[in-house]
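Observations on chain architecture
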Amino acid sequence: MNQPRWKKRPEGSNWGDFGADDQLGRVNLIGPEQVLKGVKEVHEGITFCLSLPLDIPGGKVLNPRRSPPKLSPTALGDDQYINFPLATHTPTLRDVISDDQVHISLQYSTQWDSLAHVGALFDGDDDGKPECRYYNGFLAGQDVLNLSHKPNQQHDSYAQRLGIETLAVHGMQGRAVLVDLVRVFGAGRTLVGYAALMDALEHLNVVIERGDMLVLRTGFAEALLDMQGCPQPDVLKNTGAVLDGSDQALLEWITESGIAAICADNYAVENLDRELEPGCCSKLPLHHHCLFKLGLPLAELWYLKDVAEWLHSRGRTRFLLTAPPLRLPGAIGSPVTPVATV
């Protein structure tokens, strides 16, 4: 019998609640019932693309670790397959072939975070020494691997557990509920804790139920798109609402609400600019709570203006969301082209 990965779980977590080897977390709540609820929100058959162009933000200003997409032709020997006439080698052929490839940081633009994106130092085996762990106790080095020091490997990193393909196989389709924070707070920077979020829900007449995917419009992606690939950090840091991950009441609401995912049009969903308090244990407390404790995936840099305006014009807040990530085994994040169907 295999030994369990952990003897104790973080306070406020749901580790083990969906099974000892669960890799979906709160996504388990998006089942057939939620898909049918989403389908019932389709009245007119109109679709909205909720993705930015994947070359936005532009450059590496927002995150110097992440690179924009670079397209190049595939090659065979010295032949570059862009506008390539097959007659080059077989004169009787008339085919002209273009075939490309891309190098991209998977979380550069409109994206999903997998549950392997943010872990924590936590003493799960109760031996007095914290280990690097992820949701449900999965271990760094054993389940999420750095292979860059091992030659002759196919990959340099690989999430053997909690990879983005788990969400892709599950489907990520169900009912979404839009909270249009721009309509409540405007496009300026607003720190949204529990009280402010509850005020927004009441103002917008939004009802959120267990298994729903929460979608937050802040206006950030719209401002970013207007910058046409030249992001202005001084402007963006004063743009759009951000969740206050340090507000314990907000984190408790996320737990109790039963939401299955949070999708936002901003960068990181939560406030990145806060000063760390003495003794603070997490730079990204909302990521810590959602990804590490609850297995609740986060999505960033979605484009929500068009669907938000359409829903508002009809007094609606719900829609069918279809947003599977790439089925790329071992990946820690993924670009996504979400589609809202109304």
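Structural notes, computed from the coordinates. The structure presented is a predicted model; accordingly, all values stated were derived computationally and were not measured. (Residues numbered from 1 in each chain as written. Predicted model: local features only at pLDDT ≥ 70, side-chain atom pairs only at ≥ 80, totals over all residues. Heavy atoms only, no water.)

Notes on the packing of helix α7 (residues 248-257) against helix α8 (residues 285-294)
- It is the contact of α7 with α8, at a shortest axis distance of 10 Å, that shows an interaxial angle of 30°. Our classification of the angle between α7 and α8 gives roughly parallel. α8 is crossed by α7, and the crossing has right-handed handedness. Of the residues in α8, those in contact with L251, I254 and T255 of α7 are P285, L286, H289, C290 and L294.
- Its residues assigned to classes, the contact of α7 with α8 shows six nonpolar, two polar and no charged. (Axes fitted to C-alpha atoms, helices over the stretch in contact; angles between N-to-C directions. Helix = DSSP H or I, 4+ residues; strand = E, 2+ residues; numbered from the N terminus. Parallel < 35°, antiparallel > 145°, perpendicular 65-115°, else oblique. Left-handed = near helix turned anticlockwise from the far one by under 90°. Contact = heavy atoms within 4.5 Å. Nonpolar A, V, L, I, M, F, W, Y, C, P; charged D, E, K, R; others polar.)

Quick look at the pattern of salt bridges
- One pass over the structure, following the stated rule, counts 14 salt bridges.
- In this structure, E33 engages K37 in a salt bridge whose closest nitrogen and oxygen atoms are separated by 3.8 Å. Residue E33 and its partner K37 are both found in helix α1 (residues 32-39); the two are separated by four residues, about one turn of the helix.
- Residue classification places E33 among the exposed positions, given a relative accessible area of 55%.
- A salt bridge links R189 to D273, with the shortest nitrogen-to-oxygen separation between them at 3.6 Å. In this pair, R189 sits in the loop between α3 (181-185) and β14 (190-192) while D273 sits in the loop between β17 (261-264) and α8, placing the two residues 84 residues apart along the sequence.
- You can call R189 partly exposed: its relative accessible area is 30%.
- On the accessibility criterion, D273 (51% relative accessible area) is exposed.
- Within this structure, E33, K37, R175, E209, D212 and R318 form a network of salt bridges that share partners. (Salt bridge = Lys/Arg side-chain N within 4 Å of Asp/Glu carboxyl O. Buried < 20%, exposed > 50% of the residue type's maximum accessible area, 1.4 Å probe, protein only.)

Comments concerning the packing of aromatic side chains
- What the rule picks out here adds up to seven aromatic pairs.
- The interplanar angle of 85° and the centroid separation of 5.7 Å between the aromatic rings of W112 and W302 together place this pair among those described as edge-to-face. Of this pair, W112 sits in strand β8 (residues 111-113) while W302 sits in the loop between β18 (298-300) and α9 (305-313); the two residues are 190 residues apart in sequence, bridging distant segments of the chain. Residue W112 shares its accessibility class with W302, and that shared class is buried.
- Ring pairing ties together the aromatic residues W6, W15, F122 and F292, which thus form one cluster.
- Its end group placed over the ring of F138, R5 keeps NZ or CZ at 3.8 Å from the ring centre. (Phe/Tyr/Trp six-rings, centres within 6.5 Å; stacked < 30°, edge-to-face > 60°. Lys NZ or Arg CZ within 6 Å of the ring centre and 35° of its normal.)

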